[in-house]
Amino acid sequence: MTLSDKDGGGAGAIARLLLRWYDDHARSLPWRIAPGSGESPDPYRVWLSEIMLQQTTVAAVAPYFAEFTRRWPTVADLAAAPDEDVLAAWAGLGYYARARNLIACAREVVAAGGVFPDTEEGLRALPGVGAYTAAAIAAIAFGRRAVVVDANVERVVSRLFAIRTPLPASKPEIRTATDAITPEDRAGDFAQAMMDLGARVCTVREPACLICPIANHCDAREQGIAAILPAKTPKKPRPERTGTAFWIERGEGDAREVLLVSRPAKGMLAGMRALPSDGWSARGDGDGVPPVNAHWQVLEASVTHGFTHFTLTMQLMAARHDGGDVPEGEWWPVARIGDAGLPTLFARAAAGALACWPDGDD
Ligand code: SF4
């Protein structure tokens, strides 16, 4: 791997060109300080946005970021919030371990004086902050020189250096190459410029090399292979799991209620509000056994949901509660099911149950 030097540039020239482009073309994002504004980034907002953006798109994150910063404008406000309020506000954003780590991290920062650590090492010690996130916060919030490599940066750098080794084996090579072009000054703007270039110019399917500020340094463009990089090792198919969710209802008309439970403290969707279900997990299928004796109906609806390591197809069963013992939980008004903060899987299950069983009849 070598740096192209087609116009007498090299690593320093790439950073200069990219930063100049960023000054004119930076995306306007709710958590971002515009280049040249003179304002200092708020580490809380940078941290919150980076946690939300893990595995999630900018478009999906924006309304959640707005709501979180409206309700909890500082890390102290977030640390003081009840767990269930934060988990409910997170509902729909997915990867719920992030929300639990978010709460733990906010409380740890507040317990240590309310100030985020300003080094990669210090940030990495916080719950939910991995190598990438620590580098991004150190660079963006504190201006530290850090090597920030997200999926956009992986794509840009793979192309810039024409790295043909497939991902993920190429990650160390990509990191070394990113390190080589990361400047000492404006490291945060540089990281954000690389992300913006990947999102807007060096896109997955059609890299717009004609308008790219670093085109003269790009080996993949010169070799005509930009669109096929980065190469990827084919993924193994995700295991398929099956399970059942149970809609248990009581009351009539406006007084209709459905039983909601809290998921176990460990495992998938831990601690979230949910319909009772039958023990499905990443490791195996559910047993299909309802939690109470009742006149059960199998509904003609199922929900398929992709988790990181498996795909779950969840059957739905419904019954009216006839007075026996039920699992520990809360009876929730059916008319307000949208306010329960159900994670996406169970929100879709609830919608499926109501579509198939609109009046709660058996
Ligand atoms: Fe990406 Fe094309 Fe720019 Fe190379 S020249 S970095 S392939 S947009």
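The text that follows walks through the structure, step by step, so that each part is easy to find. Here the structure is a predicted model, which means the values were calculated and not measured.

Now for the pairing of strand S5 (residues 311–320). Counting buried positions along S5 yields eight of 10 residues, so the element is predominantly enclosed. With 10 bridges connecting them, strand S1 (residues 240–250) and S5 associate as parallel partners. Across the sheet, residue Ile248 finds its bridge partner in S5, namely Ala319. When strand S4 (residues 297–306) meets S5, the two strands line up antiparallel, connected through seven bridges. Bridging across to S5, Val303 finds its partner in Met314. Two successive antiparallel strands, S4 and S5, enclose a turn made up of four residues.

Neighbouring the ligand are the residues Arg159, Cys202, Cys209, Cys212, Ala215, Cys218, Arg221 and Ala226. Here the residues of the shell around the ligand sort into six nonpolar, no polar and two charged.

Below, the discussion takes up the packing of helix H2 (residues 43–53) against helix H8 (residues 131–142). Across the interface, H2 lies against H8 with an axial gap of 10 Å and an inter-helix angle of 150°. At the point where H2 passes H8, the crossing takes the right-handed sense. Seen from H2, the contacting residues are Pro43, Val46, Trp47, Glu50 and Ile51; seen from H8, they are Tyr132, Thr133, Ala136, Ile137, Ile140, Ala141 and Phe142. Class assignment for the residues of the contact of H2 with H8 results in 10 nonpolar, one polar and one charged.

To continue, consider the nonpolar core. The biggest cluster of nonpolar side chains holds 109 residues, and the ones touching the most others in it are Trp47, Phe68 and Phe346. Take this core: its biggest share by element is eight residues, from H8. Residues Ile248, Val292, Trp296 and Ala319 belong to the second largest nonpolar core, which totals eight residues.

Our focus in this paragraph is H8. The end-to-end C-alpha distance of H8, which contains 12 residues, comes to 16 Å, matching closely the 16 Å that a straight helix rising 1.5 Å per residue would cover. Counting buried residues in H8 gives nine out of 12 residues, a clear majority hidden from the surface. Residues Thr133, Ala134, Ala135, Ala136, Ile137, Ala138, Ala139, Ile140 and Ala141 constitute the buried set of H8. Elements that come into contact with the buried residues of H8 comprise H2, helix H7 (120–124) and helix H11 (187–200). Positive backbone phi, at 65°, marks Gly143, one or two positions downstream of H8.

Bringing the pattern of salt bridges into the picture now. For the structure shown, the criterion picks out 16 salt bridges. A salt bridge links Asp196 to Arg27; the shortest N-O distance between them is 2.9 Å. Taken together, the residues span a long stretch of sequence, with Asp196 in helix H11 and Arg27 in the loop between helix H1 (11–25) and H2 at a distance of 169 residues. Residue Asp196 shares its accessibility class with Arg27, and that shared class is buried. Notably, a salt bridge pairs Arg70 with Glu67, separated by 3.0 Å at the nearest N-O pair.

Calculation criteria
- Residues numbered from 1 in each chain as written.
- Predicted model: local features only at pLDDT ≥ 70, side-chain atom pairs only at ≥ 80, totals over all residues.
- Heavy atoms only, no water.
- Buried < 20%, exposed > 50% of the residue type's maximum accessible area, 1.4 Å probe, protein only.
- Helix = DSSP H or I, 4+ residues; strand = E, 2+ residues; numbered from the N terminus.
- Pairing = 2+ DSSP bridges.
- Near = heavy atom within 4 Å.
- Nonpolar A, V, L, I, M, F, W, Y, C, P; charged D, E, K, R; others polar.
- Axes fitted to C-alpha atoms, helices over the stretch in contact; angles between N-to-C directions.
- Left-handed = near helix turned anticlockwise from the far one by under 90°.
- Contact = heavy atoms within 4.5 Å.
- Core = buried A, V, L, I, M, F, W, Y, C linked by side-chain atoms within 4.5 Å.
- Expected span 1.5 Å × (residues − 1).
- Salt bridge = Lys/Arg side-chain N within 4 Å of Asp/Glu carboxyl O.

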